[in-house]
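Examination of the molecular architecture
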Amino acid sequence: MKKKVFLVLVILMTLSLIGIIFVQGYYISNSVANKQDQFTFNVKKALSNVSNEISDEEYMDFVKKIRDLLRQGVAVNVDTTAFIDLYIKQDISNTDETLIYKNGILEENYKLSSAIFDIGLDSVSIKKIISKNETKVYKSSSLDGTETTIFRSGETNRTEDIDFEPLYLKYSSRRPIHKRITVEKIDRLIKLQLLQDDIDIEYEFAVYNNDLATKVKTENFDYENAFMSVPFFDNKSENNYRLLVEFPDKKEFIWSSIIGMIALSIIFTTIIIVAYSSALFQLMKQRQISEIKTDFINNMTHEFKTPIATINLALDSIKNPKIIDDKEKVKRYLHMIREENKRMHAQVENVLRISKLEKNELNISKDRERLHDLIEDAISHVELIVEDRGGHIETSLKASKSTVLANETHFTNVLVNILDNAIKYSPEAPIIKVDTLNVGNNIIVNIKDHGSGMSKAVAKRVFEKFYREHTGNVHNVKGHGLGLAYVKRIVDDHHGHISVESEKDKGSTFTIKLPLIS
């Protein structure tokens with residue numbers, strides 16, 4: 001897959017995933033808003049029903065009381081049957097006031113010309129009922145008597161024709177709210193109304209008059225957190241009562257109704273994110289492996305191509321009749337063939353060694369070894385190469401204790417590989433410094449060079465299998481990215497630790513830490 005196509009696919013998949021997450025968030029946000037609106041509507045409806053029910057009950061109780069008094073009142077016959085007169089005088093128990101109510105109903109008959117209605121008759125008879133009422137409040141001290149007095153005249157017994165609303169409004173407006181309704185009754189009615197809409201949560205309420213608290217309220221009501229206010233009792237009343245309610249657990253109630261949907265949404269979105277991340281990681285890993293494999297094949301091909309070509313040239317030269325009789329030249333060419341063959345064998349051994357390490361098939365037996373001896377042995381393997389390039393290796397083996405549990409062959413190879421890298425990546429004459437020191441129960445080995453160095457990004461991955469820094473020419477330094485991977489696996493197997501500090505064009509320092517044994 002081409003790099004651009006891969007990048008486009010990753011971008012499209014990422015944008016799609018982000019879009020899904022935003023759509024889920026938008027849907028959840030809308031669901032919460034809809035639940036809040038529905039909750040507000042249901043609460044407002046419930047409180048309005050409570051207010052209306054309480055008002056209706058109070059009015060009906062008042063009318064029933066008046067009708068009972070009317071049946072006990074004194075009737076005075078008058079000449080006309082078309083006139084009903086009601087006179088009520090009542091003391092208000094909690095104030096020094098007396099309420100006077102007058103109501104009159106009068107029937108009048110009228111005859112009008114038929115021409116007005118154009119219905120073909122001489123005249124039309126129309127009955128008109130005129131109602132007059134009057135309600136006044138006086139100080140009791142200005143009136144005689146303090147009990148309720150009702151006078152009624154007329155022959156009709158249809159008291160339902162009399163409008164008691166003005167009297168009710170005047171009378172109820174002058175009574176304290178706590179004598180008109182109880183907290184228990186309001187609580188019972190609110191609970192019944194809310195349960196009809198499946199709202200079963202704790203609430204607090206209070207009745208306010210012109211923004212002033214009345215005695216009708218629950219103990220824990222908080223005005224600042226009042227959720228809703230609706231008119232209480234009749235709007236025509238002189239007092240402006242309002243029923244306020246608060247829900248301490250409103251948010252929890254709203255979220256609880258959609259928490260299942262949110263949980264499922266989060267779970268499925270998380271699964272999508274994990275699956276997408278895993279797929280993306282695998283794609284990138286496969287792409288990286290593909291690049292490493294291609295790089296490895298190119299490097300291995302280059303590593304084998306040169307010795308094979310050298311061997312072929314040496315064999316062709318030996319076949320030459322002029323050369324075959326020259327023992328010195330034949331000996332020289334055979335030596336070249338042998339060295340190139342050893343070089344290819346070493347490359348194959350490195351690959352097989354890493355493969356066995358991966359499969360844990362490499363048998364590494366360990367004995368007591370002096371690390372200083374292993375260091376000197378490793379230096380002797382590369383010393384001639386360093387001197388041939390005009391460089392030198394400085395040693396400062398100051399560690400007083402250097403006995404470790406190690407495999408002589410493999411750990412010597414570790415040191416040789418690091419020294420070989422220091423030589424290969426030194427453009428000028430290689431100058432390498434090796435020093436040791438004791439830190440606690442460990443011995444530290446530092447191998448420092450002044451070569452080309454590496455960036456921090458490369459230093460983080462330099463111990464990965466097959467990894468090599470990409471430069472303009474991948475063959476400018478021979479290798480296949482297995483040496484340092486082998487080094488790390490051997491050091492780890494010795495219960496040690498290896499790290500590198502490097503700076504571009506200023507060289508690198510490899511540090512190995514191994515546990516000492518007594």
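Basis of the calculations
Residues numbered from 1 in each chain as written. Predicted model: local features only at pLDDT ≥ 70, side-chain atom pairs only at ≥ 80, totals over all residues. Heavy atoms only, no water. Helix = DSSP H or I, 4+ residues; strand = E, 2+ residues; numbered from the N terminus. Buried < 20%, exposed > 50% of the residue type's maximum accessible area, 1.4 Å probe, protein only. Areas by Shrake-Rupley, 256 points an atom, 1.4 Å probe, with all protein chains shown as cover. Phe/Tyr/Trp six-rings, centres within 6.5 Å; stacked < 30°, edge-to-face > 60°. Pairing = 2+ DSSP bridges. Axes fitted to C-alpha atoms, helices over the stretch in contact; angles between N-to-C directions. Contact = heavy atoms within 4.5 Å. Salt bridge = Lys/Arg side-chain N within 4 Å of Asp/Glu carboxyl O. Patch = residues over 30% accessible without salt bridge, like charges linked within 9 Å, V, L, I, M, F, W, Y side chains within 5 Å. Expected span 1.5 Å × (residues − 1). Bend = angle between axes of the 7 residues up to and from the residue. pLDDT = per-residue confidence, 0-100. Core = buried A, V, L, I, M, F, W, Y, C linked by side-chain atoms within 4.5 Å. Left-handed = near helix turned anticlockwise from the far one by under 90°. Nonpolar A, V, L, I, M, F, W, Y, C, P; charged D, E, K, R; others polar.

**Side note on the overall build of the chain**
- Along its length, the chain carries 12 helices and 16 strands.
- In the chain, which comprises 518 residues, the share counted as buried stands at 36%.
- When the accessible surface of the chain is summed, it comes to about 31,800 Å², and 53% of that surface belongs to carbon and sulfur atoms.

**Points about the packing of aromatic side chains**
- Overall, the coordinates contain 7 aromatic pairs when judged by the stated rule.
- Ring centres of Phe 39 and Phe 247 lie 5.2 Å apart, and the angle between their planes is 75 degrees; this geometry places the pair in the edge-to-face category. One end of the pair, Phe 39, is in helix α1 (residues 3-71); the other, Phe 247, is in the loop between β9 (241-246) and α5 (250-256), with 208 residues separating them in the sequence.
- With a relative accessible area of 4%, Phe 39 lands in the buried category.
- You can call Phe 247 buried: its relative accessible area is 7%.
- Pairing Phe 39 with Phe 253 gives two aromatic rings, centres 5.7 Å apart and planes at 50 degrees, and the pair type is tilted. Remark: Phe 253 occurs in helix α5 and Phe 39 occurs in helix α1; sequence separation between them is 214 residues.
- Taken together, the ring pairs in this structure connect Phe 39, Tyr 203, Phe 205, Phe 247 and Phe 253 into an aromatic cluster.

**Re the sheet that holds strand β15 (residues 497-503)**
- On the basis of which strands lie adjacent, the open sheet formed by 5 strands has the order β11-β13-β14-β16-β15 and mixed pairing. On the outer flanks of this sheet lie β11 (392-397) and β15, each paired with one strand and no other. Within the sheet, the average angular offset between the axes of one strand and its neighbour, ignoring direction, is 15 degrees.
- Sitting on the sheet, helix α10 (residues 408-424) is in contact with β13 (431-439), β14 (442-449), β15 and β16 (507-515), with an inclination near 170 degrees to β16.
- Taken strand by strand, helix α12 (residues 483-493) contacts β15 and β16, and its axis lies near 140 degrees from that of β15.

**Regarding the pattern of salt bridges**
- Inspection of the entire model under this criterion finds 8 salt bridges.
- The salt bridge involving Arg 370 is made with Asp 373; its shortest N-O contact spans 2.9 Å.
- For Asp 373, a relative accessible area of 39% translates into the label partly exposed.
- Among the ionic pairs, Asp 492 bridges to Lys 488, the shortest N-O distance being 3.5 Å. With Asp 492 and Lys 488 both in helix α12 and 4 residues apart, this pair spans about one turn of that helix.
- Judged by its relative accessible area of 35%, Asp 492 is partly exposed.

**Some points on a nonpolar patch on the surface**
- On the surface, Leu 7, Ile 11, Leu 15, Ile 18 and Phe 22 cluster together into a nonpolar patch covering about 520 Å² of accessible area.
- Residue class for Ile 11 comes out partly exposed when judged on its relative accessible area of 43%.

**Thoughts on the sheet that holds strand β7 (residues 212-217)**
- A sheet is described by the order of its strands in space; here 4 strands give the open sequence β7-β6-β9-β8, paired in antiparallel fashion. At either margin of the open sheet sits one strand with a lone partner, and together these are β7 and β8 (228-231). Averaged over all adjacent pairs, the angle separating strand axes in this sheet is 30 degrees, with direction ignored.
- Examined bridge by bridge, strand β6 (residues 204-209) and β7 share 3 bridges and lie antiparallel to one another. Residue pairing for β7: Tyr 208 is matched across the bridge by Ala 213.

**So, helix α9 (residues 371-388)**
- Compared with an ideal rise of 1.5 Å per residue, which puts 18 residues at 26 Å, α9 spans 26 Å between its outermost C-alpha atoms and is within 8% of the ideal.
- At Val 382, α9 is bent by approximately 45 degrees, the largest bend along its length.
- Where α9 is concerned, the buried positions are Leu 371, His 372, Leu 374, Ile 375, Ala 378, Ile 379, Val 382 and Val 386.
- Where α9 terminates, the next one or two residues include Gly 390, which has phi positive at roughly 80 degrees.

**A short note on the confidence of the model for the chain**
- Mean pLDDT for the chain: 76, with 71% of residues reaching 70 or above.
- Looking over the chain, one finds the lowest element-wise mean pLDDT in strand β1 (residues 74-76), namely 36, and the highest in β14, namely 95.
- Confidence over residues 74-84 falls short of pLDDT 50; this stretch has 22 contacts with residues more than four positions distant or in other chains.
- Low pLDDT, under 50, characterises residues 140-161; the predicted model gives this stretch 55 contacts beyond four residues in sequence or across chains.

**Some details on the nonpolar core**
- Counting 41 residues, the largest nonpolar core has Leu 371, Phe 411 and Ile 512 as its most contacted members.
- Of all the elements, α10 adds the most residues to this core, at 8 residues.
- When sequence neighbours within four positions are dropped, the list of residues in contact with Ile 512 reads Phe 411, Val 414, Leu 415, Ile 418, Ile 443, Ile 444, Val 445, Val 491, His 497 and Ile 498.
- Core analysis: the second largest hydrophobic core is formed by 26 residues, Val 43, Ile 54, Val 245 and Ile 254 among them.

**Re the side chain of Ser 508**
- Along the chain, the position of Ser 508 falls in strand β16.
- Owing to a relative accessible area of 5%, Ser 508 belongs among the buried residues under this scheme.
- Here Ser 508 is in contact with Ile 447, Lys 448, Asp 449, Gly 453, Met 454, Val 500, Glu 501 and Ser 502, once residues within four sequence places are set aside.

**Regarding the pairing of β14**
- In terms of burial, β14 is a largely internal element, 6 of the 8 residues being buried.
- Summarising the sheet, β13 and β14 pair through 8 bridges and their orientation is antiparallel. If you follow Lys 433 over to β14, its bridge partner there is Lys 448.
- Two successive antiparallel strands, β13 and β14, enclose a turn made up of 2 residues, where Gly 440 displays a positive phi of approximately 65 degrees.
- Direction of pairing for β14 relative to β16: antiparallel, over a ladder of 7 bridges. In the sheet register, Asn 446 faces β16, and the bridge partner there is Thr 511.

**Describing the packing of α10 against α12**
- Look at α10 against α12: their axes get within 9 Å of each other, and the N-to-C directions meet at 145 degrees. Taken as a pair, α10 and α12 cross one another with a handedness that is left-handed. Listed contacts from α12 to His 410, Phe 411, Asn 413, Val 414, Asn 417, Ile 418 and Asn 421 of α10 are Gly 483, Leu 484, Tyr 486, Val 487, Ile 490 and Val 491.
- For the contact of α10 with α12, the residue count by class is 8 nonpolar, 5 polar and no charged.

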